[in-house]
Amino acid sequence: MGPIWLRVVFLTVLVLDGAEWSDGCWDEERIAIFQLRPFLLFAGFNWTEERVSDCCQWEFVECNTTTRRVTRLSLAEAISSNLFNASLFLPFEELRSLDLRGNGLVGYAKNQGFRKLSKLRHLENLDLTFNYFNDSILSSLSKLSSLKSLSLGGNDLFTGSDHNIVHLKWLSELSGLETLDLSLTNMKNNLLLHLGGLSSLTTLLLGGNNLEGTLHLQDMHNLTNLKKLDLNGNRIESIRSSHGNGREQSLINLEEIDLSDNLFNNSVVAELSGFSNLRKLTDFLYEISPEFCGWSSLESLDLSYNEVNQFLTSKVAGSRCLRKLKTLYLDGVSTKQNVSLTSLLEPFSSVKTLFLRENSYLSKAVATQELHVLSDVENLFLDNTAVDISFLQSIGILTSLKTLSLSNCSLTGTLPAHQGLCYLNNLEELKLNGNALGGVIASYENKLVGDSAAFGTWLPKFQLEIFCLSNCTTEEHEKVQLPEFLYFQHDLRYVGLSYSNFGGIRFPHWLLQNNTRLEELYMIDSSIVGPLVLPSHPSSELKVLDMSKNKIQHDIPRNFCSLFPHLVVLVMSKNAFETNIPLCLGGMKRNHFEGPIPMGLCSLVYLGFLDLSTNHFSGIIPSCSSLQKMKHVHLAQNELSGTLSDSLFNSSSLVTLDLSENNLTGRIPDWISRLLDLGVLLMKANQFSGEIPLHLCRLQSLSILDLSQNKLSGHVPSCLSNLTLKPRSEKSSVDAMYYRADSFDYVLEDMGLTIYYLTKDYWGSVLQLLTFYPLTFEEEEIQISTKGATYTYKGNILDLLSAIDLSCNQFTGIIPPALGNLSEIRGLNLSHNNLTGPIPSTFSKLKQIESLDLSYNNLIGRIPSELTELTALEIFTVAYNDLSGPLPDRKAQFGTFDESSYKGNSLLCGPPLSKSCNEGGSLGTPSASSREEEDGAIGMGDFYMSFTVSYAIIFLTTVIVLYINPHWRRACYYLVVDSLGRLPCFRRNL
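- Per an unreviewed UniProt entry, the chain is named Leucine-rich repeat-containing N-terminal plant-type domain-containing protein, and its organism is Hibiscus sabdariffa.
- Taken directly from UniProt, the Sequence similarities (unreviewed entry) text for the chain runs: "Belongs to the RLP family."

Here it is as structure tokens:
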């Protein structure tokens, strides 16, 4: 045994010695990932060639936790080439999932088709949705025998008619495939028969295709394991199964079917009644018949936005047929008859979660009179359904309620103080926003009326998880009292107390002290004054804290970070904090902080948004290359100095960099060119010098560039025309702060269900049901000069804004005609420089431009008449140049510009100027004018050449005349001698 074990150990050492290992992932896979970079639009934020870097921690990469081999690559909307190259992925031998969605792939490189991926024997999931593949790729995909999930939705697979069937048959070779997405692929009825070979299939998505007329489910009779079938968004009129004609029922294991957005009538109920295992149904049904009892396993039913004429009226039969139904959607239903709430809901006595949103057929009184039918409902949603205030007075009989949502229900009056809501002992979530309520509890966009003194004395019997008292005012516009019952709440998860005048209260630290599971606290503009007093014990669950726009003073406690160890979002701007800030904080603009920016900020490796603008910070900006997840940096309006020689924020995901209005010097550094996602670069009002580096032209994501009010010189780079300036949502996307009502998820989990929204998005996808409360968020905002003034842009408008401002510098040379290729630009400011030459006629291609400022330069020639084609132009000024000739015709937008747009150009004429183009002939003959228009302005080289030629002609003419006429020759001789004799130096030498 001894020698055998020695051999094993020896061989193991040899193997380990021959393999290349790193502290994390395998070296060859780390190198292979990095070699993908040239083929990507953007790489992961932390991809690096350093050997010590663990590629398992890189963005877009997942690894097996044991073997440390790469198992998943997520490259959606990331590949720059439109041809797939399989060889790039072969080094990842244990790859299980490859996501290539939305890359615009049209095919594959020569000998690099998907069949080469068959070497990856562990590949199970391949997502190719929303590319431009046709059906020719199916034969190549058929070789991937290990696949369990294949997504081809959104490709143009079945446009032709001759070869579709042949190619589709190839998929039958994928015998182990369990999930197949063929939605939005132009699938037709005759192709369904050729899916029969996929015997292992459990999920088939066929939404948004060209299926029409009668659909024969027996065409898919071999799919005996199919559990989920999505047929939404087609033109199907009826379904035919094998039920009732002597043949075995097709798809006997089907549990979920989506038939929404088709052309069905009531007959579909009978056709589906044989699917005894059906658990989830989305359909257009007009009445429920006894055949509905066939769906005894149904758990979720969505009948939203249908016309309901009659439901099953027997409560006994309904409870027997639908005994497992837990979730019912009746949003936006309509009726031709007077359907009562009782008759509508009696068949669904087992339902725990009920959606009755956007129902206009319910009268305000009907809900109050028939509440008993809802006695077992735990989660009730009546948003955007008109309800009378009496509903809240009688709602106390619904003792099982945990969630009650009454947003925008036209509720008016005062909340009942001693009935209704007071008896809902199990209530956890309450939404009353968008009404005109007053009394004890008021929510977002409500008006607090009544006795404010009584407001603070009510003690509810329930423990809330969500409480919102935002945007509240008293009838007398006095201060709002913070309700005392909050002192007795200990299970709050979300509290919103924003935009309410609480009359100068101190920060309610007791809310954090009493509610140890509080996750989000919003007190924006709530009249908080005095110092910031914090709880004595840590609030480990708090993730979002927003106390901006108050009057909180003095220091921020030094133990702030230790009290909130898991804080993700903190907004404390527009207060009156003083002195230094704790190292863990961002989002502190418009305070009175001074001194250097603390180096401790660089240790916050997960920081994504930093705003220290409008303070008094000084010194150099620290180099924070470790902030790999940083997206938005705002350091404007401080007193920062020094150069930018080091890489300050080496984050490939950086979108906004605002260094405006400081005292920064030196050249624009090279490292900025590595910020491939940079969309906004603001460096105005500093002391930068030198030329604009050409590497800025590589920033293909850049759409807002402001370098104004510096000391930059040289020529304006023509390569700026390479910038696409296309709209990008990333510019405005600071992660919104949404509250997810997790308690509602727990309710569904307790049922043993996975519940889904069955209201489809545009592509027909099904989203998991999550209750979100979009309450507040920090909008990204920037300041930029355009249209003759400085504006602040924030939110979604940033996505569309594109501008370049190079004004107030020392640029020379001509304006590059190539700038006319910036077809998406909306603002261009080149004013207050030393630019020469003509205005490029190519500017007529700037169809989106709204502001064009070329004033205070040395431009010459005529204003191109083609500029009148700029129909979006609102601001145009060429004042104080050396332009000449008639102005463009006063049509389109040029008819709105007054003489201030042209002042300081003495040779310009025509309306709206008072100078006529026919005065004094100062503009030369028409031929000269037309020649100038054709050839452009006369350059200085042409001027010197013409002057030299003219001088030579005059000199030669004089010599010839003196040679011919002796009298003039002698007279000229005596004149020269006499003139020389008058000079002192000549008299001394004579």
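From this point, things continue past the structure.
Things to note about the overall build of the chain
Point 1. Along the chain, the regular secondary structure elements total 18 helices and 54 strands.
Point 2. A total of 990 residues make up the chain; the buried ones form 50% of that total.
Point 3. Relative to all contacts within the chain whose residues are 6 or more apart in sequence, the contacts with residues 24 or more apart total 61%.
Point 4. Of the roughly 44,800 Å² of accessible surface on the chain, 52% is carried by carbon and sulfur atoms.

Observations concerning the packing of aromatic side chains
Geometry of an aromatic ring pair is reported as the spacing of the ring centres plus the angle between the planes.
Point 1. Applying the stated criterion across every chain, the model contains 13 aromatic pairs.
Point 2. Residues Tyr 329 and Phe 355 carry aromatic rings whose centres are separated by 4.6 Å and whose planes lie at 5° to one another, so their mutual orientation is stacked. Residue Tyr 329 is found in strand 16 (residues 327–329), and its partner Phe 355 is found in strand 17 (residues 353–355); the two are separated by 26 residues along the sequence.
Point 3. Using a relative accessible area of 1% as the deciding quantity, one classes Phe 355 as buried.

Digging into the UniProt feature "transmembrane region" (unreviewed entry) in the chain
Point 1. Under the present numbering, the feature "transmembrane region" (unreviewed entry) in UniProt falls on residues 943–964.
Point 2. Its end C-alpha atoms 32 Å apart, residues 943–964 is made of 100% helix and 0% strand.

Re the nonpolar core
Point 1. If you look at the biggest cluster of nonpolar residues, it comprises 73 residues, and the most contacted ones within it are Phe 89, Leu 117, Leu 141, Leu 150, Leu 180, Leu 204 and Leu 229.
Point 2. Going through the elements one at a time, helix 2 (27–35), strand 1 (61–63), strand 2 (70–74), helix 3 (138–141), strand 12 (235–240) and helix 5 (267–272) are the ones with two or more residues in this core.
Point 3. The element contributing the most residues to this core is helix 2, with three residues.
Point 4. Setting aside residues up to four positions removed in sequence, Leu 117 forms contacts with Phe 84, Ala 86, Phe 89, Leu 90, Leu 98, Leu 123 and Leu 144.
Point 5. Membership of the second largest hydrophobic core comes to 69 residues, among which are Leu 644, Leu 696, Leu 867 and Tyr 902.

Some words on the pattern of salt bridges
Two side chains carrying opposite charge are able to pair once their charged atoms lie near each other.
Point 1. Applying the stated criterion across every chain yields a total of 17 salt bridges.
Point 2. Ionic pairing is found between Arg 30 and Asp 27, a salt bridge with its closest N-O pair at 3.8 Å. With Arg 30 and Asp 27 both in helix 2, this residue pair falls three residues apart, about one helical turn.
Point 3. Its relative accessible area of 1% is what places Asp 27 among the buried residues.
Point 4. Of the charged contacts, one joins Glu 465 and Arg 493 as a salt bridge, the two residues approaching to 3.7 Å between their closest N and O atoms. Taken together, the residues Glu 465 in the loop between helix 10 (452–455) and strand 23 (466–468) and Arg 493 in the loop between strand 23 and strand 24 (494–496) connect sequence positions 28 residues apart.
Point 5. The exposure class of Glu 465 is buried, given its relative accessible area of 5%.
Point 6. Looking at Arg 493, the relative accessible area reads 10%, which means it is buried.

What to know about the state of the cysteines
Point 1. A full pass over the atoms with the stated rule returns four disulfides.
Point 2. Each sulfur in the disulfide pair Cys 25 and Cys 55 lies 2.0 Å from the other. Here the residue Cys 25 occupies a position in the loop between helix 1 (2–18) and helix 2, and Cys 55 occupies one in the loop between helix 2 and strand 1, the gap between them amounting to 30 residues.
Point 3. On the basis of relative accessible area, Cys 25 is assigned to the buried category, the value being 1%.
Point 4. A relative accessible area of 0% means that Cys 55 is categorised as buried.

Let's talk about the side chain of His 194
Point 1. Position of His 194 among the secondary structure elements: in the loop between strand 8 (179–181) and strand 9 (203–205).
Point 2. Sequence-distant contacts of His 194, that is, excluding residues within four places in its chain, are made with Ile 165, Leu 168, Lys 169 and Ser 172.

Digging into the side chain of Asn 131
Point 1. With respect to the helices and strands, Asn 131 occurs in the loop between strand 6 (125–127) and helix 3.
Point 2. At 2.9 Å, the side chain of Asn 131 forms a polar contact with the backbone oxygen of Leu 128.
Point 3. A distance of 3.4 Å separates a polar atom in the side chain of Asn 131 from the backbone oxygen of Thr 129.
Point 4. Those residues in contact with Asn 131, other than ones at most four positions away along the chain, are Leu 100, Arg 101, Gly 102, Asn 103, Gly 104, Leu 105, Gly 154 and Asn 155.

Concerning the sheet that holds strand 27 (residues 544–546)
Point 1. Spatial strand order, 23-24-25-27-29: five strands in an open sheet with parallel pairing. For this open sheet the edge positions go to strand 23 and strand 29 (569–571), each flanked by a neighbour on one side alone. Geometrically, the sheet is characterised by an average inter-axis angle of 5° between neighbouring strands, direction not taken into account.
Point 2. Two strands pair when backbone bridges link them, and strand 23 and strand 24 are joined in this way by three bridges, in the parallel orientation. If you follow Ile 466 over to strand 24, its bridge partner there is Tyr 494.

Digging into the sheet that holds strand 46 (residues 803–805)
Point 1. Spatial ordering of the open sheet is given by 32-34-36-38-40-46-48-50-52, a layout of nine strands whose pairing is parallel. Only two strands of the sheet have a single neighbouring strand rather than two, namely strand 32 (609–611) and strand 52 (875–877). If you compare each strand with its neighbour and ignore which way they point, the axes differ by 10° on average.
Point 2. In this sheet, strand 40 (residues 704–706) lies alongside strand 38 (residues 680–682) in parallel orientation, the contact comprising three bridges. Across the sheet, the residue bridging to Leu 682 is Asp 706, located in strand 40.

Let's talk about the environment of Pro 531
Point 1. Relative to the helices and strands, Pro 531 is located in strand 26 (residues 529–531).
Point 2. With a relative accessible area of 30%, Pro 531 lands in the partly exposed category.
Point 3. Considered as a pair, Pro 531 and Phe 507 are 24 residues apart in the sequence and their alpha carbons are 8.1 Å apart.
Point 4. Those residues in contact with Pro 531 that lie beyond four places of it in its chain are Arg 506, Ile 552, Gln 553 and His 554.

Structural notes on the confidence of the model for the chain
Point 1. Put simply, the chain has an average pLDDT of 75, and 70% of its residues get 70 or more.
Point 2. Contacts for the low-pLDDT stretch residues 731–778, under 50 throughout, to residues beyond four places or in other chains number 125 contacts.
Point 3. Scored below 50 in pLDDT, residues 985–990 makes three contacts in the model with residues more than four places away or belonging to other chains.

Describing unusual backbone geometry
Point 1. Here the amide bond leading from Pro 911 into Pro 912 is cis, since omega sits at 10°, within 30 degrees of zero.
Point 2. Note that Pro 912 resides in the loop between strand 54 (907–909) and helix 15 (926–935).
Point 3. Here Gln 709, not a glycine, exhibits a phi torsion of approximately 60°, which is positive.
Point 4. Take Gln 709: it is sitting in the loop between strand 40 and strand 41 (711–715).

Side note on helix 2
Point 1. Those residues of helix 2 not exposed but buried are Asp 27, Glu 29, Arg 30, Ala 32, Ile 33 and Phe 34.
Point 2. Those residues of helix 2 hidden inside the fold are in contact with strand 1 and strand 2.

Side note on the pairing of strand 53 (residues 882–886)
Point 1. Pairing of strand 51 (residues 858–861) with strand 53, which is carried by two bridges, proceeds in the parallel orientation. Paired with Gly 861 across the strands is Leu 883, a residue of strand 53.
Point 2. Of the strand pairs in this sheet, strand 53 and strand 54 are connected by three bridges, and their pairing is parallel. In the strand pairing of strand 54, Ser 884 is matched with Leu 907.

Basis of the calculations
- Residues numbered from 1 in each chain as written.
- Predicted model: local features only at pLDDT ≥ 70, side-chain atom pairs only at ≥ 80, totals over all residues.
- Heavy atoms only, no water.
- UniProt positions renumbered as here; feature names shortened; annotations may be inferred.
- Helix = DSSP H or I, 4+ residues; strand = E, 2+ residues; numbered from the N terminus.
- Buried < 20%, exposed > 50% of the residue type's maximum accessible area, 1.4 Å probe, protein only.
- Contact = heavy atoms within 4.5 Å.
- Areas by Shrake-Rupley, 256 points an atom, 1.4 Å probe, with all protein chains shown as cover.
- Phe/Tyr/Trp six-rings, centres within 6.5 Å; stacked < 30°, edge-to-face > 60°.
- Core = buried A, V, L, I, M, F, W, Y, C linked by side-chain atoms within 4.5 Å.
- Salt bridge = Lys/Arg side-chain N within 4 Å of Asp/Glu carboxyl O.
- Disulfide = S-S within 2.5 Å.
- Polar contact = N/O pair within 3.5 Å; in protein donor to acceptor, adjacent residues only side chain to side chain.
- Pairing = 2+ DSSP bridges.
- Axes fitted to C-alpha atoms, helices over the stretch in contact; angles between N-to-C directions.
- pLDDT = per-residue confidence, 0-100.

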